[in-house]
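Coordinates in review
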Amino acid sequence: MTLKTVHTDKAPAAIGPYSQAVIAPPFVFVSGQLGMDPSTGNLVGEDLASQARQALENVKQILTAAGSSLEKTTAVEVFLTDMGKFLEFNAIYAEYFSAHKPARAAIEVSALPKGGCVEIKCTAVVG
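Residues numbered from 1 in each chain as written. Predicted model: local features only at pLDDT ≥ 70, side-chain atom pairs only at ≥ 80, totals over all residues. Heavy atoms only, no water.

1. Regarding the pattern of salt bridges
Here is the rule: What makes a salt bridge here is a side-chain nitrogen of Lys or Arg within 4 Å of a carboxyl oxygen of Asp or Glu, nothing more. Secondary structure elements follow DSSP: runs of H or I no shorter than four residues count as helices, runs of E no shorter than two count as strands, and numbering proceeds from the N terminus. Burial classes: relative accessible area under 20% of the type maximum marks a residue as buried, over 50% as exposed, and values in between as partly exposed (1.4 Å probe, protein chains only).
By the definition in use, this model includes 2 salt bridges. Where Arg-53 meets Glu-95, a salt bridge forms, and the shortest distance between an N and an O atom there is 2.8 Å. With Arg-53 in helix H1 (residues 48-65) and Glu-95 in helix H2 (residues 86-96), the pair connects residues that are 42 residues apart, well separated along the chain. We classify Arg-53 as partly exposed; its relative accessible area is 33%. Residue classification places Glu-95 among the partly exposed residues on the basis of a relative accessible area of 48%. With a closest N to O distance of 3.6 Å, Glu-77 and Lys-121 form a salt bridge. With Glu-77 in strand S4 (residues 73-80) and Lys-121 in strand S6 (residues 118-125), this residue pair connects regions lying 44 residues apart in the sequence. Given the relative accessible area of 32%, Glu-77 is considered partly exposed. For Lys-121, a relative accessible area of 30% gives the class partly exposed.

2. Some thoughts on the packing of aromatic side chains
For the record, the criterion: Any Phe, Tyr or Trp ring, taking Trp's six-membered ring, that has another such ring centre within 6.5 Å forms a pair; planes under 30 degrees apart are called stacked, those over 60 apart edge-to-face, and the others tilted.
According to the stated counting rule, one finds 3 aromatic pairs in the structure shown. Judged by centre distance (6.3 Å) and plane angle (55°), the rings of Phe-27 and Phe-29 are tilted. By relative accessible area, Phe-27 is classed as partly exposed at 31%. Aromatic pair Phe-89 and Tyr-93: ring centres 5.7 Å apart, planes at 40°, arrangement tilted. With Phe-89 and Tyr-93 both in helix H2 and 4 residues apart, this pair spans about one turn of that helix. In this structure Tyr-93 comes out as buried when scored by relative accessible area, which is 8%. Members of the aromatic cluster, connected to one another through ring pairs, are Phe-89, Tyr-93 and Phe-97.

3. Focus: the environment of Phe-27
Quick note on the threshold: Whether two residues touch is decided by their heavy atoms; if any such pair falls within 4.5 Å, the residues are in contact.
As for its position among the elements, Phe-27 is in strand S3 (residues 27-33). Distance from Phe-27 to Lys-72, taken between C-alpha atoms, is 9.6 Å for residues 45 residues apart in sequence. Ignoring sequence-local partners within four residues, the contact set of Phe-27 consists of Val-22, Thr-74, Thr-123, Ala-124, Val-125 and Val-126.

4. Concerning the sheet that holds S3
Note the cut-off: Here, a strand pair is defined by DSSP locating no fewer than two bridges between the strands. What counts as an axis is a line fitted to C-alpha atoms, over the stretch in contact for a helix, and the angles between N-to-C directions run from 0 to 180 degrees.
Strand order in this open sheet of 6 strands is S1-S2-S3-S6-S4-S5, and the pairing throughout is mixed. Of all strands in the sheet, those bounded by a partner on one side alone are strand S1 (4-6) and strand S5 (103-108). Across the sheet, the mean angle separating the axes of adjacent strands is 15° when strand polarity is ignored. Pairing analysis gives 5 bridges linking S3 to S6, with the strands arranged antiparallel. Each residue of the ladder has a partner; that of Val-30, found in S6, is Cys-122. Here H1 sits on the sheet and contacts S1, strand S2 (21-24), S3, S4 and S6; the angle it forms with S6, its principal contact strand, is near 25°.

This is the structure:
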């Protein structure tokens, strides 16, 4: 099996020693995405709504670069710094995953890089 790393300028560059995603056919594994603007590397705002939408957009762009899509996503992991925002997050998440509903876990964490309030990673089918 040949592994291939994925990089797109349409999503933020990795802020550590990792790739945006790795393709291990037939799957692509997308690294955790914060709500960072790809052009600046900064969080798009301090609120959950803006960060969640941007994180999901970043995931979407990485999946596209890998030859996959949100519709081919098999599993999603969500990390929230405030589980009290779970319902708010679900409403935003449903804008991206309406008809197709991959398996998902949502976990509360004490902190995220750059002071983010949400991080999203996923696994999807390639091709």
